[in-house]
Amino acid sequence: MRNFEDPGRSLAMGRNGMAATSHPAATLTAVEILKADGTAMDAAVAACAVQSVVEAGSTGIGGDCFALIAPQGGTDIRAYNGSGRTPAAMTLERLRAAGVTEIGRQSPHAVTVPGAVEAWARLVADHGRLPLAEVFAPAVAMAREGYAVTPRVAHDIAQQTALLRGDPTAAATFLADGQAPAACTVQTQPLLADTLEAIGREGPGAFYRGAIAQDMVEFLRGVGGFHSLEDFAAAEGEYVTPIRTEYRGRTVHECPPNGQGIIALMILNILKRFSPAGDPLSPDNLHVEIEATRLAYAARDAFLADPAQAKTSIVERLLSDALSDELAARIDLGRALDADGVFDAVSGGVEHKDTVYIAVVDKDRTAVSFISSIFHPYGSGLMAPRSGVLFHNRGQSFSMVDGHPNMVAPRKRPMHTIIPGMVTEKGRVSLTFGVMGGHYQAMGHAHFLSKLFDHGLDIQSAIDLPRLFPLPGTRTVEAESAIRSAAGPELTRRGFTVKAPGWAIGGAQAIAIDWETGTLLGGSDHRKDGCALGY
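Residues numbered from 1 in each chain as written. Predicted model: local features only at pLDDT ≥ 70, side-chain atom pairs only at ≥ 80, totals over all residues. Heavy atoms only, no water.

Counting across every chain of the model gives 0 disulfides. With no disulfide of its own, C65 lies closest to C48 among cysteine sulfurs, the gap being 6.8 Å. Given a relative accessible area of 0%, C65 falls into the buried group. In this model C531 remains outside any disulfide bridge; the closest cysteine sulfur is found in C48, 16 Å from its own. (Disulfide = S-S within 2.5 Å. Buried < 20%, exposed > 50% of the residue type's maximum accessible area, 1.4 Å probe, protein only.)

Shown next, in the form of structure tokens:
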């Protein structure tokens, strides 16, 4: 029971259905879709479409998505990989010939063919009850009629003003006379409204073929990209088999590579070889989490890539008991370990802060764990001038190193940071959850589940706890202020460099299913604008 005199929020509760998102308009939309007899997937996609409008810096039809679906809350969990691929003409040799030594954020080479629209349409067709036009209708109305800029969105635009000024369409859409709008400002996106309406009416072909595709390809080629109409027409995601590990008597499910869900499972495999006790934020508990994360992320930077173009599968090796034992044995509570050379990692990663995560459970107890992103806040900052599509910059995740598994190549998907999660126990889904914050996400999954299952916190209390994140390949640990004050000096003594993050670390949503009472319990992060609502 929380102390009601302290700031915070109670668990949301409901019996029929529930949604948790990082924006109140999206959560309300999802609940309204559920009450209109839509499925959890209808609600998740409707909420994400709304966030593409009202929280455009975090997600959009110019980005990618992943999903986990558990029909009727059972253990037959299905995963969908909605990440896009590079143009067929894009090779490392051609990039080098053009003088490209690294892929810049506002470069057309950072724009892989967006996978979100294909994924949304396919998932609604396979797991929904409502027509796509009805699912998109709330987003279309907000884009056309206007929406109020919320405080977190206003903050994010202010941080990206210089980027948005670099593209005339993006600047006209999101800035007011070249400046960031204040919270409460009303914005519209009429170009995006028309595009969403066309997709809802005609299906994903309206996006990947025809006038909208022509607009996107002409624009990207005009700024130096290798994109073609054929690349867009060939866009297609796929159902994949989830990967999993056992943790404290539960089974944790993640999407397989090219996403970093496997890294979350690696961290959990290391953590379960320790016995945490006492304060969940004690220096010893944090030390183990930090080192498990540093070791697992070294593996990520060395091996994680598009499995369709990998020579061998890495899943069995990275989740093996032998490797987990070896990595856990390296952790010394007296000092920070030297992680260099553990996997001979060559990092191709770049910092990333923005995503949206959506959890939905419907009256049939079908659970959806849904995550969508345009990578950095406002992605590449490049916007197609006639269709209003803001492009992501996911291609920055590629390595430019010859022979690296994640080396840029034609028709290849980059290493992805965004990961949805689920937990099952006793033959049923007990939790659908996700953590935003780019590279932080894998650690965020493990940190969140450890607080639930090692320390007995409820989902809202676990979300509310202060966070830290060791920057991959370094001993530098970004920590929110409460951790810096309480544990920072001791972590510094052990050899870590503790510093403040640029802003609050990540965000999270979760819904737990109490099968005995028939109640749904939801939590949502104070670091974002959103909420959980049940009915």
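Having put the structure on the table, let's press on.
Take the packing of aromatic side chains next. Inspection of every chain in the model, using the stated rule, returns 8 aromatic pairs. Aromatic pair Y440 and F469: ring centres 5.8 Å apart, planes at 90 degrees, arrangement edge-to-face. With a gap of 29 residues between them, Y440 in helix α17 (residues 440–453) and F469 in strand β14 (residues 468–470) connect regions that are remote in the sequence. Accessibility expressed as a relative area gives 6% for F469, which makes it buried. (Phe/Tyr/Trp six-rings, centres within 6.5 Å; stacked < 30°, edge-to-face > 60°. Helix = DSSP H or I, 4+ residues; strand = E, 2+ residues; numbered from the N terminus.)

Another aspect to go through is the pattern of salt bridges. Per the stated rule, a full pass over the model turns up 29 salt bridges. Between R413 and D306 there is a salt bridge, with the nearest N and O atoms lying 2.8 Å from each other. Residue R413 is found in the loop between β11 (367–373) and β12 (420–425), and its partner D306 is found in the loop between α14 (283–303) and α15 (315–318); the two are separated by 107 residues along the sequence. Considered together, R413 and D306 belong to a single accessibility category, that of buried residues. Across the salt bridge formed by R330 and E326, the nearest N and O atoms sit 3.8 Å from each other. Overlapping salt bridges bring together D284, E490, R493 and R494 as one network. (Salt bridge = Lys/Arg side-chain N within 4 Å of Asp/Glu carboxyl O.)

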